[in-house]
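Close look at the chain arrangement
Listed below are the residues making up each chain.
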Amino acid sequence: MAAEIKLEKVRKTFGKVVAVKDMDLLVEPGEFLVLLGPSGCGKTTTLRCIAGLERVDHGRVYIGGRDVTELPPSKRGIAMVFQSYAVFPHMTVAQNIGFGLRMRHAPKDEIKKAVLEVAKLLQIDELLDRYPSQLSGGQRQRVAVARAIVMRPEVLLMDEPLSNLDALLRLQMRAELKRLHREVGTTTVYVTHDQIEALSLGDRIAVMREGEIVQLDTPNEVYDKPANVFVGGFIGTPPMNFLRAEVRKADGSVYLAVGDFSVEVHGEWQEKLEGMVGKKVILGIRAENIEVRPTPEGGALPARVVVSEPLGAQQLLTVQVGGDVLKVATSPDLSIRPGQTIGLVLTKEKIRLFDEATQEALKLD
Amino acid sequence: MNAGLRKLLGTDTLLPYWLLLPTLAFIGVFFLTPLVKAIILAFRSDSGTLTLEYFRRMVADTRFLDALKYTFLLAITIVPIQVVTALAMALLVNTGFKGSRFFLYLFALPLGISDLAAGLIWLSVFTQHGFLNSVLYHLGVIQRPIYFISYQNIGLTFLAVVVAEHWRATAIVMVILVAGLQMISKDYLEAAEVLGARGWKKIWYVILPLLKPSLQSALIIRTIFALQTFAVVLALAGDIIPVLAGEAYFWHFLYHNSHIASAYAVLLMAISIAMTWGYLRFLRSRMEVIRG
Amino acid sequence: MSFPYLLRRTLLYMAVFSFAIWVLIPIVLIGISAFTPKNEVYAWPRPIIPSHFSLETMSFFLHSYGVVRSLLNSVWVALLTLAFTLAIGAPAGYAVARFRFRGREGFRLGILITRMFPTALLAVPLAVMYLKWGLYDTLIGVALIHTAMALPFAVIITTGIFMGVPKDLEEAAMTLGCSRFGAFARVALPLALPGLAAAAMFTFVISWNEVFAASILTVNNRTLPAHILTTIQASPLYFRFAGGFFMILPALFFMFFIRRYLFHMWGGATAER
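Residues numbered from 1 in each chain as written. Chains lettered and ligands numbered in written order. Predicted model: local features only at pLDDT ≥ 70, side-chain atom pairs only at ≥ 80, totals over all residues.

Here the focus is the overall build of chain A. Looking only at helices and strands, chain A has nine helices and 20 strands in total. With the principal axes as the frame, chain A shows a C-alpha extent of 80 × 45 × 35 Å. Scored against the burial criterion, the 365 residues of chain A give a buried share of 40%. For chain A, contacts bridging at least 24 residues in sequence account for 65% of all contacts bridging at least 6. (Helix = DSSP H or I, 4+ residues; strand = E, 2+ residues; numbered from the N terminus. Buried ≥ 20, exposed ≤ 12 C-beta atoms within 10 Å, placed from the backbone. Contact = placed C-beta atoms within 7 Å.)

In structure tokens:
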């Protein structure tokens, strides 16, 4: 049971604030789509518009080909997991999970069977007779998920379901959710501000900002080829590093000038940048694509170390290149002290370029 | 339910208004209409002419000045004492000592006691055969009962009313203040402690300013109700001490003149509004002085 | 345990106990009065504790003309008031708690203002209007004005109560197949029930205690307070004491149950923003 979701020019305003700006979105059946973005970007509002908990001011919503724009949540074939879990305090776990089926007037033994099945799937079958006040946060979260899945909905909506869990539990539940999606296969729309969750769980990620989708792509694409500076700086731990640079030409080849230093440009860019000599660009590169050398020799970009953070598996350095601040990683065995100047070598193929004025990515094609 | 009807009844935009409708209708009929009617009754004679006759008669009545005097005196005397007492009780309970919850409920008991009952309760204390006289006798202080409630000792009678009202209505103020205190985040108090403000200093510099909105509400509410004191006075002191609300009652009920009764009611309303307005201005300017 | 700490603690407890005694003693006294034999009420010198407790005073009171009837009237009026007030006020409280609509703040302000109307301002004209409507001297008439007096409280209280029920619980119910009303009935209402019960009891007490309007609006069908007030000059002392005791009984009883909600009600009423 997996339906396609289509949003057509959906717009939702709250007073003077436009939360969702004329959004078009297509979610494939069975897909796990993540709506990712900072607080206030409209991701939760979008989700609630799909659910029917908010009436759209403009536009249409389709689920499974049906126009559900005028329908209440109960008639849309959706099930939702709320950020606060919204587990009914005055009902047992079993009653909570079975609630939706009871509303459908399903026969009692069917409900019992379904509840048990789903409870086992989420490993809460031991807790069926307990009340939510007797459960831990993680357990309550599982009840919320079970309550939604047992409905066998066409569409599953999740609003930051992991954000109230502690770090360890969050890790576990992430894997659980991925496993569940593989087994049950419902079309899922998942809202989060945590980009790690997004990268881990999503088949595709819709990065949102101020009511609009700025990039809709697979995790790899969003990570590797961000559509603009915002996406690059939002995704990844640590986020993408940015250097201000200018396109210059010397000896027949194009290169990037970062301050007084030159950075080589990948072959494919040569042609593209020919016509852009003198243009101010932003150079984006991720920490894992920067090699750290103890000294700035051999053409390496000099960088002054500001802070060194030992993170176990690696050493995270905050360095300064000209007026820009970068985060780079290196082996924990290297002895690096604040104030020291190190050298950085950027992997050409992984350099991404952005227009300084528009902040949009420069495309090769 | 067809879509059209459902849309009309159930749209989120209209639903709240439907839910409010009964209340609004009720208030319209039972508040606004009587208000208008009272003003009409006070200013318009049965034959339909506009007149100040009723106000004139009200003012000319021998009991009018006394009623005005005593109503004001009551409000001015009782309210400050009550607020201080209520504040003390609220602060005590707020310290959260063991059993504070129990005492909180205990202190709040008078909330459920009608002003008539309160008057009767204190009657049993102050009447010539009452408990106060008995205690004083057994302590050897007096040989014969003191007439706390009599024309001769009007001062004492007034005091008795003050004591009774104070006892009855302090709980009302206290509950407002306790709620206000509970809303003060513990963080503020802990920060204050760390910065060196303990005990009395903490109360004066941190708690009281934060309690201002509650204090303000409590003062206004309590004053307005104090101006309407009625049954306590009647039960305790009969008609020895005239009060505005009492006069309204007598004129309507005993003398069957709803016009003059309405005049009293309108006067009461005007005084309430004036005092509320006065409070708000006074307290607002105080707030500015403290802030600036 | 340092000495200053102990000293402060002792002072604290002394203060608390003093207040407690101050609150309790008059209640105890009226209780004593109500069970004092008739003749001892007028005796001088008067022992604090009567020679024996007797039910004479109470019995005299209850058997006095019109008392039992007024008692029943009071109960009936209070119950009617309770039903009307909740039926009318709870939906309004729910609306203010759940929806953001134009005029919301104006409505709340209006409610607060109605609390400040002097009872006389309502009762006197209503007495005249009731004559025209045929509601004068009826229990329903009194119940209606009591409802008007209790309505502002009810709206404020139920607003607080429903605000305490998280909105997403009802939303979750709606995603699981409930209509808006179904979600309210199955989720919000059960959770709000304790608070609503407290509001109901509070309304009962308000109606039970109300004196002025009840006295003005009735002649033959009096409530208990109205009856006592109108006979107060003529009745013997012990009658009044018994009456007073009777009046406080339901209050004492209910206050025990609604103690947890006291702050929602009075406190929340003014501290609301």
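Read on for the rest.
Of the regular secondary structure elements, chain C holds 13 helices and zero strands. N-terminal to C-terminal, the α/β element order of chain C is α-α-α-α-α-α-α-α-α-α-α-α-α. Counting only C-alpha atoms and orienting by the principal axes, one finds that chain C spans roughly 75 × 75 × 30 Å. For chain C, buried positions account for 53% of its 273 residues. Look at the contacts in chain C between residues 6 or more apart in sequence, and 74% of them connect residues 24 or more apart.

Residues and elements named next belong to chain A. Strand order in the open sheet made by the five strands is β13-β12-β11-β14-β20, with antiparallel pairing throughout. Two strands lie at the open edges of the sheet, namely β13 (261–263) and β20 (352–355), each paired on one side alone. In this sheet, neighbouring strand axes are inclined to one another by 45 degrees on average, regardless of whether the strands run parallel or antiparallel. (Pairing = 2+ DSSP bridges. Axes fitted to C-alpha atoms, helices over the stretch in contact; angles between N-to-C directions.)

All names here are of chain C. At a minimum axis distance of 10 Å, the contact between helix α7 (residues 139–163) and helix α9 (residues 180–209) shows a crossing angle of 155 degrees. Considering their axes alone, α7 and α9 lie roughly antiparallel with respect to each other. For the element pair α7 and α9, the recorded crossing hand is right-handed. Contacts between α7 and α9 involve H146, M149, A150, F153, A154, I157, T158, I161 and F162 on the former and, on the latter, A188, A192, G195, L196, A199, F202, T203, I206 and S207. A class-by-class count of the residues in the contact of α7 with α9 yields 13 nonpolar, five polar and no charged. (Parallel < 35°, antiparallel > 145°, perpendicular 65-115°, else oblique. Left-handed = near helix turned anticlockwise from the far one by under 90°. Nonpolar A, V, L, I, M, F, W, Y, C, P; charged D, E, K, R; others polar.)

Grouped together as the largest cluster of nonpolar side chains are 283 residues, with contacts concentrated most on L177, L236, Y264, A265 and L268 of chain B together with A123 and I145 of chain C. When residues of this core are assigned to domains, at least three fall in each of domain 1 (5–234) and domain 2 (241–355) of chain A. (Core = buried A, V, L, I, M, F, W, Y, C linked by C-beta atoms within 7 Å. Domains from an automatic or database assignment.)

Of the residues lining the interface, 76 residues belong to chain C; the matching set on chain B comes to 83 residues. Counting residues per element, the side of chain C that touches chain B draws most heavily on helix α12 (residues 237–258) of chain C, which supplies 11 residues. A class-by-class count of the residues in the side of chain C that touches chain B yields 60 nonpolar, 12 polar and four charged.

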